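Single-letter residue listing:
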Amino acid sequence: MSLIVGVPACSKDINGLLQHATPARYGAALMGGAEAMPILLPPVGEGLLALLDRLDGLLLSGSPSNVEPQRYGVDQDLTPGKHDPHRDGTTLPLVRAALGRGMPVLAICRGIQELNVALGGTLHQKVQDLPGRMDHRAGEGTLDHCFRLKHTVTVSGHLAGIVGGTEIMVNSLHEQAIDRPADGLVVEAAAADGTIEAVRVASAPGWAFGLQWHPEWHYLTDAPSMNIFRAFGDACRAYAAGLKQAA
Ligand SMILES: N[C@@H](CCC(=O)NCCCC(=O)O)C(=O)O
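- With an unreviewed UniProt entry as reference, the protein is termed gamma-glutamyl-gamma-aminobutyrate hydrolase, source organism Limobrevibacterium gyesilva.
- Per UniProt, the protein carries the Function (unreviewed entry) text "Involved in the breakdown of putrescine via hydrolysis of the gamma-glutamyl linkage of gamma-glutamyl-gamma-aminobutyrate."

**Comments concerning the sheet that holds strand β12 (residues 196-201)**
Here comes step 1: Across the sheet, which stays open at both edges, the nine strands sit in the order β4-β1-β5-β6-β13-β12-β11-β8-β9 with mixed pairing between neighbours. Looking along the sheet, the strands with just one partner apiece sit at the ends: β4 (36-41) and β9 (167-170). The sheet shows a mean angle of 25 degrees between the axes of neighbouring strands, taken without regard to direction.
Here comes step 2: Here strand β8 (residues 151-155) runs beside strand β11 (residues 185-191); their pairing, made up of three bridges, is antiparallel. Pairing of Thr154 across the sheet is with Ala190, part of β11.
Here comes step 3: Of the strands in this sheet, β1 (3-8), β4, β5 (57-60) and β6 (105-108) touch helix α1 (residues 24-33), which is tilted by about 155 degrees from β4.
Here comes step 4: Against the sheet, helix α3 (residues 110-118) makes contact with β5, β6, β11, β12 and β13 (208-211), and its axis sits at roughly 115 degrees relative to β6, the strand it touches most.

**Some words on α3**
Note: α-helices contain 3.6 residues per turn, so residues at a spacing of three or four share the same orientation.
Here comes step 1: Burial runs high along α3: nine of the nine residues are buried.
Here comes step 2: Just downstream of α3 lies Gly120, where phi reads positive at about 105 degrees.

**Quick word on the nonpolar core**
Here comes step 1: Judged by nonpolar contacts, the single largest core of 35 residues is most densely connected at Leu59, Leu106, Leu159 and Trp213.
Here comes step 2: Put simply, the parts of the chain that give this core at least two residues each are β1, α1, β6, β8, α5 (157-163), β9, β13 and α6 (223-246).
Here comes step 3: The element that contributes the greatest number of residues to this core is α6, accounting for eight residues.
Here comes step 4: Among residues more than four places away in sequence, those in contact with Leu159 are Glu188, Ala189, Ala198, Phe209, Leu211 and Trp213.
Here comes step 5: Ranked by size, the runner-up nonpolar core spans 30 residues in total, among them Val95, Ala107, Val199 and Tyr239.

**Digging into the pattern of salt bridges**
Here comes step 1: Tallied over the full model, the rule gives eleven salt bridges.
Here comes step 2: For the salt bridge of Arg87 with Glu114, the shortest nitrogen-to-oxygen distance reads 2.6 Å. Here Arg87, found in helix α2 (residues 85-100), pairs with Glu114, found in helix α3; they are 27 residues apart in sequence, far enough to count as distant.
Here comes step 3: Residue Arg87 is classed as buried on the basis of its relative accessible area of 0%.
Here comes step 4: Its salt-bridge partner being Glu188, residue Arg200 comes within 2.7 Å of it at the nearest N-O pair.

**As for the site of the ligand**
Here comes step 1: Around the ligand sit 16 residues in total, of which Arg25, Ser63, Ser65, Asn66 and Gln176 are the nearest.
Here comes step 2: Contact between the ligand and Arg25: an oxygen atom at 2.9 Å from a side-chain N or O atom of the residue.
Here comes step 3: Measuring from an oxygen atom of the ligand, one finds a backbone N or O atom of Gln176 at 2.8 Å.
Here comes step 4: Isolated, the ligand exposes 420 Å² of accessible area, and the fraction of that covered by the protein chains is 89%.
Here comes step 5: Going through the elements one at a time, α1 and α3 are the ones with two or more residues in the shell around the ligand.
Here comes step 6: Class assignment of the residues belonging to the shell around the ligand gives a composition of five nonpolar, eight polar and three charged.

Conventions used here
Every chain's residues receive numbers from 1 upward, in the order its sequence appears when written. In keeping with the predicted nature of the model, local features appear solely for residues at pLDDT of at least 70, side-chain atom pairs appear and are counted solely at 80 or more, and the whole-chain, interface and lining totals rest on all residues. Computation of side-chain values: all heavy atoms of the structure, hydrogens and water removed. UniProt positions are given in the numbering used here, feature names are shortened, and annotations may be inferred rather than shown by experiment. Strands qualify as paired when DSSP identifies two bridges or more between them. Only DSSP runs of H or I reaching four residues or more are called helices, and only runs of E reaching two or more are called strands; each is numbered from the N terminus. Whenever a helix is involved, its axis is fitted only over the stretch in contact; in every case the axis is a line through C-alpha atoms, and angles between N-to-C directions fall within 0 to 180 degrees. Residue contacts follow a heavy-atom distance rule, with two residues in contact if any of their heavy atoms lie within 4.5 Å. Using a 1.4 Å probe on the protein chains alone, a residue whose accessible area is under 20% of its type maximum counts as buried, one over 50% counts as exposed, and one in between counts as partly exposed. Think of a nonpolar core as a cluster: buried Ala, Val, Leu, Ile, Met, Phe, Trp, Tyr and Cys residues, connected wherever their side-chain atoms sit within 4.5 Å. Throughout this description, the term salt bridge denotes a Lys or Arg side-chain nitrogen within 4 Å of a carboxyl oxygen of Asp or Glu. What makes a residue near a molecule or strand is one non-hydrogen atom of that residue sitting within 4 Å of it. For this analysis, a polar contact is any N or O atom pair within 3.5 Å, provided that within protein one partner can donate a hydrogen and the other can accept it, and provided that sequence-adjacent residues contribute only side-chain to side-chain pairs. For accessible areas, the Shrake-Rupley method is used with a probe of radius 1.4 Å. Any residue's cover is judged against the shown protein chains and nothing else. Each residue is assigned to one class: nonpolar for Ala, Val, Leu, Ile, Met, Phe, Trp, Tyr, Cys and Pro, charged for Asp, Glu, Lys and Arg, and polar for all the others, Gly among them.

Laid out in C-alpha cells, this is it:
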C-alpha cells in the first residue's frame, strides 16, 4: 500500500482568490525520493488533527511567508505583511501532535522554523541584519540561480549518517532562522556564520528533522538530498508497519 505523507498548504491570494497551494516540487521529491504519495492539507486549523490517523508522515514545506512573531513571544514584527496565520494556526498544532505519536516529520525551510516555534523556540526575523551573519536570502535571478548550492554547512549526529558526510553544500533562500532552539532539539547542522541549518527532534519518539535548506530542489542530482528523502521514506514505511502491527 502507498505511503501517504501530508503536506500542509499555504493560504495565498492568487488572482484575487484565496487559495491553498504549495510548490509541486515537494510532492515530486516525496514520490521520486521517498516513494510516498503526497496529500495536500488545507490550512484549516486544528480540525486537521483528525486526519493524522490517515497519514504515514508529515512534510512541512517552505514558503516566502514568515511565522508570526507573536507566536514566539515577540511583539516587534520586522516583516509586516509577510505572514500566513492560517498556515501557522494549522502547522504548529499539527506538528506537535504528529511528533507526539512518533510520526516521521521532515520540516524544510519555513518548516524548520515552524517546528522550532511549535516546540517553544524563537526565531531571528532578519538574519542578514545580524552582525557577522551571511545574507542567506536567494538574491535575484532565475529559479536555478536562486536554488543553487550556495554555501557549506557542517553536519553532525544522526544527520551526518543520513547525508553521508560532515560537510555538504546547500542552497539558501531564507531571511529568518532559529534563534533559541526549543528544548528537545539537537542542532545537527550549522553554517560557518553560526546560523542553525538543521535540527533533530531528540525528544520525539520518531524520525524527525528540520532543515533550513531545500533538499527537494536537488533530490535527483545531489546525493545528500536524495539520501534525506530516502531516509524519510524508510521512516514512514516503518511507522506505517508499526501502526499496522499495533492495530
Ligand atoms: N519565509 C521564511 C522561510 C523561507 C522559505 O521557506 N523559503 C522558500 C521560499 C521559496 C519556495 O519555497 O518556493 C524565511 O524567509 O526565512
